[in-house]
Amino acid sequence: MLWSILALLGLIAAAFVLWPFARDFKQNAPVAAIAVLLVTGLAAGIYAVNGRPDVPSGASVGPDVGAMVESLARRLGEQPDDVNGWKMLGRSYMTLGNFTEAAAAYEKAVALEDAQVAQTLVDLGVALARAGNDSLSPRAIAVFDNAVALAPGDPEALFWGGIAAASRSDTATAADRWERLLETGPPAEVESILTERIALWRGGAPPSAATEAGAASSTAASVDAPVVTVDVTLSDAARAALPAEASVFVIARDPAAPSPPIAVARRRLSELPASVPLGDRDAMIPGRNLSAFANFEVVVRASGTGDPIAASGDWFGAREVTPAAAATIAIEIGERVP
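Just so it is clear, the structure is predicted and the values come from calculations on it, not from any experiment.

Peer 1: Honestly, the overall build of the chain in this entry has me stumped. Any pointers?
Peer 2: A tally of helices and strands in the chain yields 12 helices and eight strands. Taking all 338 residues of the chain together, 51% fall into the buried category. Accessible surface for the chain amounts to roughly 14,100 Å². Of this, 54% is attributable to carbon and sulfur atoms.

Peer 1: Help me understand the environment of V337, please; the structure alone is not making it clear to me.
Peer 2: Counting through the fold element by element, V337 comes out in the segment after β8 (335-336). Take V337: its relative accessible area is 14%, and that puts it in the buried class. On a C-alpha basis, the gap between V337 and G313 in space is 5.5 Å, while along the polypeptide they are 24 residues apart. With residues near it in sequence (within four places) discarded, V337 still touches A311, S312, G313, D314 and F316.

Peer 1: How should the pairing of strand β2 (residues 247-253) be read in this particular structure?
Peer 2: Of all the seven residues making up β2, seven are buried; the element is thus mostly covered by neighbouring parts of the structure. With burial as the criterion, each face of β2 is covered, one bearing S247, F249, I251 and R253 and the other bearing V248, V250 and A252. One ladder, built from six bridges, connects β2 with strand β3 (residues 263-268); its direction is antiparallel. Paired with V250 across the two strands is A265, which belongs to β3. When β2 meets strand β5 (residues 296-303), the two strands line up antiparallel, connected through seven bridges. Bridge assignment links R253 to a residue of β5, and that residue is E297.

Peer 1: In this structure, what is going on with the environment of V298? I would like to understand it.
Peer 2: One can find V298 in strand β5. Along the backbone, V298 and P261 are 37 residues apart, and their C-alpha atoms lie at a distance of 9.8 Å. Each residue touching V298, except ones within four places of it in the same chain, is listed here: V230, V250, I251, A252, G317, A318, R319, V321, I329 and I331.

Peer 1: Before we go on, may I ask you to explain the side chain of R177 in this structure?
Peer 2: By the secondary structure assignment, R177 is in helix α9 (residues 171-182). What makes R177 buried here is its relative accessible area of 9%. Not counting residues within four places of it along the chain, the set of residues in contact with R177 comprises D145, V148, L158, G161, G162, A165 and R168.

Peer 1: Explain the sheet that holds β8 to me, please; I cannot follow it from the model alone.
Peer 2: In sheet architecture, strand pairing relies on hydrogen bonds along the backbone and comes in two forms, parallel and antiparallel. Judged by pairing direction, the sheet is antiparallel, and its five strands sit side by side in the order β3-β2-β5-β6-β8 without closing on themselves. Of all strands in the sheet, those with a lone pairing partner are β3 and β8, marking the two edges.

Peer 1: Where do I start with the pattern of salt bridges in this structure?
Peer 2: Once the charged atoms of two side chains with opposite charge are near each other, the side chains can pair. Per the counting criterion, the structure on display carries 11 salt bridges. In this structure, a network of salt bridges that share partners links the residues D145, R168, D170 and R177.

Peer 1: Sorry if this is basic, but what is going on with unusual backbone geometry here?
Peer 2: Where the residue is not glycine, phi is negative for most of them; where a peptide bond is considered, it is trans in most cases. Geometrically, the link from L272 to P273 is a cis peptide bond, its omega value of 0 degrees lying close to zero. Within the element layout of this structure, P273 appears in the loop between β3 and β4 (274-278). One non-glycine residue, S169, lies in the positive phi region at around 70 degrees. Note that S169 resides in the loop between α8 (155-167) and α9. A relative accessible area of 62% places S169 in the exposed class.

Peer 1: Please clarify how the pairing of β5 should be interpreted in this entry.
Peer 2: The two faces of a sheet get side chains in turn, since along a regular strand they alternate between them. The element β5 is largely enclosed, with a buried count of eight among its eight residues. Burial of β5 is two-sided: the residues F296, V298, V300 and A302 facing one way and the residues E297, V299, R301 and S303 facing the other way are all buried. Relative to strand β6 (residues 315-321), β5 runs antiparallel, the two sharing seven bridges. What sits directly across from E297, in β6, is E320.

Peer 1: Honestly, the packing of aromatic side chains in this entry has me stumped. Any pointers?
Peer 2: What describes a pair of aromatic rings is the distance from one ring centre to the other and the angle between the planes of the rings. If you walk through the whole model with that rule in mind, you get four aromatic pairs. On the numbers, 5.5 Å between centres and 75 degrees between planes, the contact of F159 with W160 is edge-to-face. Accessibility expressed as a relative area gives 0% for W160, which makes it buried. Note on F159 and W178: the rings are 5.4 Å apart at their centroids and 15 degrees apart in plane angle, and the pair reads as stacked. With a gap of 19 residues between them, F159 in helix α8 and W178 in helix α9 connect regions that are remote in the sequence. W178 gets classed as buried once you look at its relative accessible area, which sits at 0%. Members of the aromatic cluster, joined through ring pairs, are F144, F159, W160, W178 and W201.

Peer 1: Whenever I open this one, the sheet that holds strand β7 (residues 328-333) confuses me. Can you help?
Peer 2: The strand order β4-β1-β7 describes an open sheet built from three strands, whose pairing is mixed. Two strands close off the open sheet at either side, each with one partner strand: β4 and β7. Between one strand and the next, the sheet's axes are offset by a mean angle of 30 degrees, whatever the strand orientation. Taken together, the six bridges between strand β1 (residues 228-234) and β7 define a ladder with parallel strand orientation. Bridge pairing in β7 links V230 to I329.

Scoring rules and cut-offs
Residues numbered from 1 in each chain as written. Predicted model: local features only at pLDDT ≥ 70, side-chain atom pairs only at ≥ 80, totals over all residues. Heavy atoms only, no water. Helix = DSSP H or I, 4+ residues; strand = E, 2+ residues; numbered from the N terminus. Buried < 20%, exposed > 50% of the residue type's maximum accessible area, 1.4 Å probe, protein only. Areas by Shrake-Rupley, 256 points an atom, 1.4 Å probe, with all protein chains shown as cover. Contact = heavy atoms within 4.5 Å. Pairing = 2+ DSSP bridges. Salt bridge = Lys/Arg side-chain N within 4 Å of Asp/Glu carboxyl O. Phe/Tyr/Trp six-rings, centres within 6.5 Å; stacked < 30°, edge-to-face > 60°. Axes fitted to C-alpha atoms, helices over the stretch in contact; angles between N-to-C directions.

Shown next, in the form of structure tokens:
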């Protein structure tokens, strides 16, 4: 299933993961905070372990980040009760893309906290999801359920808790959790997606293809100066395997910190081939603009279920992008998620 739709469309994210569901970005943006911590936390925390204020700054004397993470891991081997250290190690591994080790570090932190801190549980669940190629294992589902029990009003816990419930086919609980998430006042784009999924989970019908296409055209027309335009095509195998109304997510993300995505747009499979602009108006977090990134990755994922996180049977394509070199790129949806 993402993370990320809140992270993808405003999820995973979302993580996936991750999520800009707050009315006021400065007051309550839990996933924005995670995204910042993935970068600043790595630098600040590891600096506290073996920083050198006497060494001048500059690329020629830049630290070996991997070595610093290893140093932190060694210190925790000697001080295994340092719960904040384990959390920092988890964030550091997430930054490096080592999701398995990140999950192991967060497991240590969860154990030290007796599984009583919702945010740590969410962090662990996201790491487990990333380690599992954005699929939810029974352990990840249980972790997100526990996070909701501890923090029933937390947007991030509610988002992932809804995904977890849907993963075990408990759509009633999934709808309940996302309805509570709606009460936190997510952005309009996210609200519409949440509402659609809730309707489906409640046994209703999704918006018509014509309505979706009209909304997509309106959104595309409103984008000013796209950073990149993605020409999306579909392989014959993917078209044969997916329903015409499958959701197609066009996701721009930072490979070093993929959750939450930088920007997301959505289309229907029946609209392909299509040119999809991505720009600052598609940003997941206010102020985290796509135009600020010199390089990023674009992933195009087609989901037959409409779920935001990649699941077995989805189809995708991906490409690294340098907008200064190419303002328009082509991506074919031609690979299948095992």
